[in-house]
Amino acid sequence: STLSSSSAASDVYKRQASSLRICNLASIPVFVTGGIGGVHRDVSESMDISADLQAIKESKTITVCAGPKTILDIPKTYEVLETLSIPVFSYRQKNLPAFWYRDSGLSSACQIESPEEIAEIFSIARETNSSKGILLCNPIPKKYSLERVQLEPLISNGVIELKKANITGKKLTPSLLTYLVEKTKGKTILSNIELVISF
């Protein structure tokens, strides 16, 4: 059941860009998801950049998440968000989160302290006819965050093993998530659940 949960989570991630476009069409102001897609770690080879980033830009919506998925190239993902002129805010901490990592090690240009503050920012954006969405990164609760020193080797080894098995492209992300569920004995699934509950 743990593996099937991982596959289901992967399917949800693939639908995020479509969901944001639906929010825009239906004038839904807030979209909540666990983690956004972004720039993949092997981008120099695969040129794989998730449609999520462009969808966030065009959404005119507040996307609330725990940051980019940990399996991505986190610095490049935040850099692309900046290049797209998407306002990115961290919630109640100085550094930006990265899904399972409470702290990505990257400083946030903008930190907010309350829901009222982001609501005011959103209202100003609408009053000034801003055409861009807003990204609010709410870090995973410390109790359920995963340690970078333990997870990074698993991610790196997983990518290598899966590529040796000719699992690449669109199949790589869901397979890697399943691999991490196995190697962490379900801790990644627990973290997924808790970070969403924390919103």
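The structure we're discussing is the one just above.
If you're wondering where the values come from, they're calculated on a predicted model, not measured in any experiment. (Residues numbered from 1 in each chain as written. Predicted model: local features only at pLDDT ≥ 70, side-chain atom pairs only at ≥ 80, totals over all residues. Heavy atoms only, no water.)

A.B. asks: Looking at this model, I keep getting lost on the sheet that holds strand E5 (residues 134–137). Mind explaining?
C.D. replies: Strand pairing in a sheet relies on backbone hydrogen bonds, with the paired strands running either antiparallel or parallel. Strand order in the open sheet formed by five strands is E1-E2-E5-E3-E4, with parallel pairing between adjacent strands. Two strands close off the open sheet at either side, each with one partner strand: strand E1 (30–32) and strand E4 (111–112). The pairing of strand E3 (residues 88–91) with E5 spans three bridges and is parallel. Its bridge partner lying in E5, valine 88 is registered against leucine 135. Contacting strand E2 (62–65), E3, E4 and E5, helix H6 (residues 115–127) runs over the sheet at an angle of about 170° to E5. (Pairing = 2+ DSSP bridges. Helix = DSSP H or I, 4+ residues; strand = E, 2+ residues; numbered from the N terminus. Contact = heavy atoms within 4.5 Å. Axes fitted to C-alpha atoms, helices over the stretch in contact; angles between N-to-C directions.)

A.B. asks: Explain the environment of glutamate 113 here, please?
C.D. replies: Position of glutamate 113 relative to the elements: it lies in the loop between E4 and H6. Leaving out residues up to four positions away in the same chain, glutamate 113 has contacts with Tyr91 and Arg92. Within the structure, glutamate 113 has its side chain in polar contact with the side chain of glutamine 111 (distance 2.6 Å). (Polar contact = N/O pair within 3.5 Å; in protein donor to acceptor, adjacent residues only side chain to side chain.)

A.B. asks: Please clarify how the packing of helix H7 (residues 148–164) against helix H8 (residues 172–183) should be interpreted in this entry.
C.D. replies: Each pair of packed helices can be summarised by the angle the axes make with each other and by the distance between the axes. Running from N to C, H7 and H8 point in directions that differ by 130°, and their axes come no closer than 10 Å. In this view, H7 runs oblique relative to H8, as classed from their interaxial angle. Here the hand of the crossing between H7 and H8 comes out right-handed. Contact residues: H7 offers Leu151, Leu154, Ile155, Asn157, Gly158, Val159, Glu161, Leu162 and Lys163, while H8 offers Leu172, Ser175, Leu176, Tyr179, Leu180 and Lys183. For the contact of H7 with H8, the per-class residue count stands at nine nonpolar, three polar and three charged. (Parallel < 35°, antiparallel > 145°, perpendicular 65-115°, else oblique. Left-handed = near helix turned anticlockwise from the far one by under 90°. Nonpolar A, V, L, I, M, F, W, Y, C, P; charged D, E, K, R; others polar.)

A.B. asks: Explain helix H2 (residues 16–25) here, please?
C.D. replies: Three- or four-residue spacings in an α-helix give side chains the same orientation, since the helix completes a turn every 3.6 residues. For H2, every residue scored as buried is listed here: Gln16, Ala17, Leu20 and Cys23. Buried residues of H2, seen end-on, are gathered within an arc of 115° and therefore sit on one face of the element. In H2, the exposed positions that point more than 90 degrees away from the buried face belong to Ile22 and Leu25. One or two residues past the end of H2 sits serine 27, with phi positive at roughly 55°. (Buried < 20%, exposed > 50% of the residue type's maximum accessible area, 1.4 Å probe, protein only. Arc of directions from axis to C-beta.)

A.B. asks: Looking at this structure, how should I read the pattern of salt bridges?
C.D. replies: Side chains carrying opposite charge are able to pair once their charged atoms draw close together. Enumeration over the complete set of coordinates arrives at two salt bridges. The residue arginine 41 makes a salt bridge to glutamate 152 at a minimum N-O spacing of 2.8 Å. In this pair, arginine 41 sits in the loop between E1 and helix H3 (43–46) while glutamate 152 sits in helix H7, placing the two residues 111 residues apart along the sequence. For arginine 41, a relative accessible area of 33% puts it in the partly exposed group. When the shortest N-O distance is used, the salt bridge between lysine 76 and aspartate 73 registers 3.4 Å. In this structure lysine 76 comes out as partly exposed when scored by relative accessible area, which is 39%. Given a relative accessible area of 16%, aspartate 73 falls into the buried group. (Salt bridge = Lys/Arg side-chain N within 4 Å of Asp/Glu carboxyl O.)

A.B. asks: I'm lost on the side chain of glutamate 194 in this one. Help?
C.D. replies: Along the chain, glutamate 194 turns up in helix H9 (residues 187–197). Within the buried core, glutamate 194 has no salt-bridge partner, and the shortest N-O distance to an opposite charge, that of lysine 143, equals 7.6 Å. Residues contacting glutamate 194, with those up to four places away along its chain left out, are Pro141 and Tyr144. (Lys, Arg positive; Asp, Glu negative; His and termini not counted.)

None of the figures reported here should be taken as evidence of function without further support.
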